[in-house]
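# Fold and geometry: a report
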Amino acid sequence: MNTVVDRSAPPSQLLLALEVRGIWELQAFFASYPLLRRAPRGDGHPVLVLPGLSASDISTRPLRTYLKAQGYAVHGWKLGPNRGPRPGVEAAMDARLAELAERYDRKVSLIGWSLGGVFAREIARRAPDLVRQVITLGSPFANEPKASNAWRLYEILSERQVDDWPDMMKLPPPVPSTAIYSRTDGIVSWWGCREQDADRTQNIEVEGSHCGLGHNPAVLYAIADRLALGEGEWSPFDRSGLRGMVYPDPDRADDSATLFRPRWPAA
């Protein structure tokens, strides 16, 4: 049965309540860690991870620990809780990127969770020569301003209006970009978390919560797969075979059952 999705509306209250799944996804991360270690290994290039709204580097520790074990030079943003685009934050992120690129003498991959992904795309837009690729996790860069259950929190923390973001942020950054998202996201509307079609962009869909994206096993495997691409290389994520059971077709027709069926990534 098909349903029409209102792209300007936030996720349902039921999906918001189901964000408790993030706890189960963390348990699945620990249970599946031995299998995740079999994902493609890294080449040692630097990776900068940006947290979501109101979150700090503590929230991205499982992800950073895993990527470090996979062979990357992984770093947090070191700016405390993410309170939005406050004065000085953008300059501090640009400086952090430049410092890492100079330290390792290599381009930096950027991973941003939710609002952190919005920041990552804009950092790459300002300094594309320093960025290897961008990976976003449930980042509402193309959403309508209030298609989120967190827009009031954003306005409180940032002291800005939620609708004052420029339209250009919806355009893909000038570097390879992968958007990972879930149709059962209870915080932001999944429609606005999808990258536009371009030569070096891709959408990867997983099943799970917004709050669990940073430690969802399916997400971490996909991140490891993308980061393993050589600098200057690009190929689409392969979801053929058994992977199709974990990674749904992101271009399939809308299905109301998708919003509620309790299917989980393989642990």
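Structure: above.
To start, this report covers the structure provided alongside it. Computed from a predicted model, the values in this text were never measured in an experiment.

Our next topic: unusual backbone geometry. One non-glycine residue with positive phi stands out, namely Ser114, at about 55 degrees. Here Ser114 lies in the loop between strand 3 (108-113) and helix 5 (115-126). One non-glycine residue with positive phi stands out, namely Glu159, at about 60 degrees. Overall, Glu159 belongs to the exposed group, its relative accessible area being 68%.

Turning to the sheet that holds strand 6 (residues 201-206), a few remarks are in order. Taken in spatial order, the six strands of this open sheet run 2-1-3-4-5-6, and their pairing is parallel. Taken across any chain shown, the strands that pair with only one partner, and hence form the sheet edges, are strand 2 (73-76) and strand 6. Taken pair by pair, the neighbouring strands of this sheet meet at an average axis angle of 20 degrees, ignoring direction. By the bridge criterion, four bridges tie strand 1 (residues 46-50) to strand 3 in an arrangement that is parallel. Directly across from Val49, in strand 3, lies its bridge partner Ile111.

It is worth spelling out the pattern of salt bridges at this point. The full count for this structure, using the stated rule, is 14 salt bridges. In this structure, Arg226 engages Asp225 in a salt bridge whose closest nitrogen and oxygen atoms are separated by 2.8 Å. Each of Asp43, Arg106 and Arg132 takes part in salt bridges that share partners, so that together they form one network.

Reading guide: rules and limits
- For every chain, the first residue of its written sequence is number 1, and the numbers climb from 1 along that sequence.
- Residues qualify for local features only when their pLDDT is at least 70, as the model is predicted, and side-chain atom pairs are given and counted only at 80 or more; totals for whole chains, interfaces and linings, by contrast, use all residues.
- Values reported for side chains reflect all heavy atoms of the structure, with hydrogen atoms and water molecules removed beforehand.
- Secondary structure elements follow DSSP: runs of H or I of four or more residues count as helices, runs of E of two or more count as strands, with numbering from the N terminus.
- For every residue, the accessible area (1.4 Å probe, protein chains only) is compared with the maximum for its type, and the residue is labelled buried under 20%, exposed over 50%, or partly exposed between those bounds.
- We treat two strands as partners when DSSP finds at least two bridges between them.
- As a rule, the C-alpha atoms of each element are fitted with a line to give its axis, helices using only the stretch in contact, and angles between N-to-C directions run from 0 to 180 degrees.
- Any Lys or Arg side-chain nitrogen located within 4 Å of an Asp or Glu carboxyl oxygen qualifies as a salt bridge.

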